[in-house]
Amino acid sequence: APTPLPALLDAMAQRLTLADQVARSKHDSGKPVLDEARERQVLQDVAQAAPAASVSPATAQTFFAAQMEANKLVQYGLLQAWRRNEQPLPASTTDLTALRTQLNELQARLLGGLAATGELRAAADCPAQLERALAAHLAAARPDDLHRLALVRALGDFCTLPR
Ligand SMILES: C=C(O[C@@H]1C=C(C(=O)O)C=C[C@H]1O)C(=O)O
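Now for a description of the structure that goes with this document.

Basis of the calculations
Residues numbered from 1 in each chain as written. Predicted model: local features only at pLDDT ≥ 70, side-chain atom pairs only at ≥ 80, totals over all residues. Near = placed C-beta within 6 Å. Helix = DSSP H or I, 4+ residues; strand = E, 2+ residues; numbered from the N terminus. Nonpolar A, V, L, I, M, F, W, Y, C, P; charged D, E, K, R; others polar. Core = buried A, V, L, I, M, F, W, Y, C linked by C-beta atoms within 7 Å. Buried ≥ 20, exposed ≤ 12 C-beta atoms within 10 Å, placed from the backbone. Contact = placed C-beta atoms within 7 Å. Arc of directions from axis to C-beta.

Structural notes on the site of the ligand
Now for step 1: Around the ligand lies a shell of 13 residues, among which Val22, Asp35, Arg38, Met68 and Asn71 are the nearest.
Now for step 2: Contributions of two or more residues to the shell around the ligand are made by helix 2 (36–49), helix 3 (57–83) and helix 4 (96–105).
Now for step 3: Considering each element in turn, the shell around the ligand owes the most residues, four residues, to helix 3.
Now for step 4: Counted by class, the shell around the ligand contains six nonpolar, two polar and five charged residues.

Topic: the nonpolar core
Now for step 1: In this structure, Met12, Leu16, Ala60, Ala70, Val74, Leu111 and Ala150 are the most contacted members of the largest nonpolar core, which totals 28 residues.
Now for step 2: Secondary structure elements with two or more residues in this core: helix 1 (5–29), helix 2, helix 3, helix 5 (107–116) and helix 8 (145–155).
Now for step 3: Broken down by element, the residue count for this core peaks at nine residues, all from helix 1.
Now for step 4: Once residues within four sequence positions are removed from consideration, Ala150 is found in contact with Leu16, Ala70, Leu73 and Val74.

A few points about helix 8
Now for step 1: Every buried residue of helix 8 is accounted for by His147, Ala150, Leu151 and Ala154. One side of helix 8 carries all its buried residues, which in axial view fall inside an arc of 105°.
Now for step 2: Residues of helix 8 that are buried make contact with helix 1 and helix 3.
Now for step 3: Backbone geometry just downstream of helix 8 places Gly156 in the positive-phi region, at approximately 55°.

The structure is reproduced here in structure tokens:
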């Protein structure tokens, strides 16, 4: 069977790409990166959706908390680079509500990927399999250093996440 890791890594990376536009919207609005109420809402949503995807609510919450930490890492990094004029602002702006809809739309794919990797995570060679899949993802997607580090943060303690 093909490993479910590439699809999960792609969905995680896509979520982190949306962070660029979220950061741009916060740059323009002056809103803080951290929105605790929104994070609580995301965690409540994923806990509710998890059982239907065969993922335990606690595991879904741990995983999505890591996705949100990684998302903020990208936002803080970009806002700093823009303040220092080290990088140009992205051309287009999308409002935060529309971006949150796009983030929500990735939720099912992420939960599905989490469910599909349940067996793999429990395997003794999980770290080796993850390393191979991550190397292949990075070679194909070529993220910059900030997004690469954020993806590593988003994985967190992936192989020790219970089902
Ligand atoms: C992406 C946002 O920024 C932060 C990251 C979040 C996320 O990754 O879902 C949620 C809330 C914020 O703390 C946002 O405000 O929507």
